[in-house]
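Now for the letters of each chain:
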Amino acid sequence: MTAENLSASAGMRNLRGGKLTARACEGRLSVTYCFSPRMKLVLAILLTPSLLLAVDFDREIRPLLQERCIECHGEKKQKGELRLDAKVHAFKGGHDGPAILAGKSDASPLFQRVTSTDEDEKMPPKGDPLTAAQISLIREWINSGAQWPENATDKAALTDKRLQHWSVQPIKVASA
Ligand code: HEC
């Protein structure tokens, strides 16, 4: 074994999960061929574009809105003229205009409200504030395009003719 081969062999052993010896890798151009299946899986997960890991609205966001916001922003009450119980209402926004700007969490009033430390601004105004994990889910959801798949409630809300106007369609903001 040459000195070169020896150091290559040491290198291979140092790669976590790398199973093959330098000998088996001889002649290969890329060390990735030496990774074990498990290591390849880890790499694949790490390298998967974040888009594919986008927050699942129905699993993560809709239940959160239901649990913490609908009480005041739903069918019965529309504080700040905002409803978050159906897509068409949510994207129309409230008293101050659109609350969700797809792709731009920092500019979205909804995100600003749930992260605000101002007692007069913060949402929800009572009870525990949202957890850091919930806030980061909302941030990811908005930044990845604020996808809101329509369910039966969303579709029913759409049949209200007063909401068909172009001005109340979802706002799309081109990402920077
Ligand atoms: C206990 C009632 C209550 C709950 C629960 C609540 N809000 Fe509010 N929300 C209000 C009130 C009252 C206003 C209007 C006064 C103001 O602007 O602060 C408001 C206003 C807002 C506005 C501004 C609307 C506009 O255009 O002026 C946003 C955005 C908002 N809430 C988001 C949320 C979100 C998101 C949740 C859930 C995480 C939530 N709120 C939960 C009472 C509530």
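Residues numbered from 1 in each chain as written. Predicted model: local features only at pLDDT ≥ 70, side-chain atom pairs only at ≥ 80, totals over all residues.

Q: What am I meant to see in the site of the ligand here?
A: Taken together, the neighbourhood of the ligand is formed by 23 residues, with Cys 69, Cys 72, Lys 79, Gly 80 and Gly 94 sitting nearest. With four residues, the single largest contributor to the shell around the ligand is helix H6 (residues 109-115). Split into classes, the residues belonging to the shell around the ligand amount to 11 nonpolar, five polar and seven charged. (Near = placed C-beta within 6 Å. Helix = DSSP H or I, 4+ residues; strand = E, 2+ residues; numbered from the N terminus. Nonpolar A, V, L, I, M, F, W, Y, C, P; charged D, E, K, R; others polar.)

Q: For this particular structure, what's the right way to read helix H4 (residues 57-68)?
A: Helical periodicity: at 3.6 residues per turn, an α-helix aligns residues three or four positions apart in one direction. Taken as a whole, H4 has its buried residues at Phe 57, Ile 61 and Arg 62. Projected down its long axis, H4 shows its buried positions confined to an angular sector of 90°, all on one face. Every exposed residue of H4 that faces more than 90 degrees away from the buried side is listed here: Arg 59, Pro 63 and Glu 67. For H4, the elements touching its buried residues are helix H7 (132-143). (Buried ≥ 20, exposed ≤ 12 C-beta atoms within 10 Å, placed from the backbone. Arc of directions from axis to C-beta. Contact = placed C-beta atoms within 7 Å.)

Q: Quick question: what am I supposed to make of the environment of Ala 156 here?
A: Considering the arrangement of structural elements, one finds Ala 156 in helix H8 (residues 152-158). Using a count of 12 C-beta atoms within 10 Å as the deciding quantity, one classes Ala 156 as exposed. Sequence separation between Ala 156 and Val 88 is 68 residues, and the spatial gap between their C-alpha atoms is 9.9 Å.

Q: What should I look at first to understand the environment of Trp 148 in this one?
A: Mapped onto the elements of the fold, Trp 148 is located in the loop between H7 and H8. Look at Trp 148 and you get buried, because 20 C-beta atoms sit within 10 Å. With 91 residues separating them in the primary sequence, Trp 148 and Phe 57 have C-alpha atoms 6.2 Å apart. Leave out the neighbours within four places in its chain, and Trp 148 touches Phe 57 and Lys 87.

Q: What is the right way to look at H7 in this model?
A: With 12 residues, H7 extends 16 Å from end C-alpha to end C-alpha; this agrees with the ideal 16 Å at 1.5 Å per step. If you check which residues of H7 are buried, you get Ile 138, Trp 141 and Ile 142. Burial along H7 is one-sided: seen end-on, the buried residues are contained in an arc of 95°. Opposite the buried face of H7, by more than 90 degrees, sit the exposed residues Ala 132 and Ala 133. Of the surrounding elements, those touching the buried residues of H7 are H4 and H6. (Expected span 1.5 Å × (residues − 1).)

Q: It is not clear to me how unusual backbone geometry should be interpreted in this structure. Could you clarify?
A: Negative phi values dominate among residues other than glycine, just as trans dominates among peptide bonds. Residue Pro 124 is bonded to the preceding Met 123 through a cis peptide linkage, with omega at -10°. Checked against the element boundaries, Pro 124 lands in the loop between H6 and H7.

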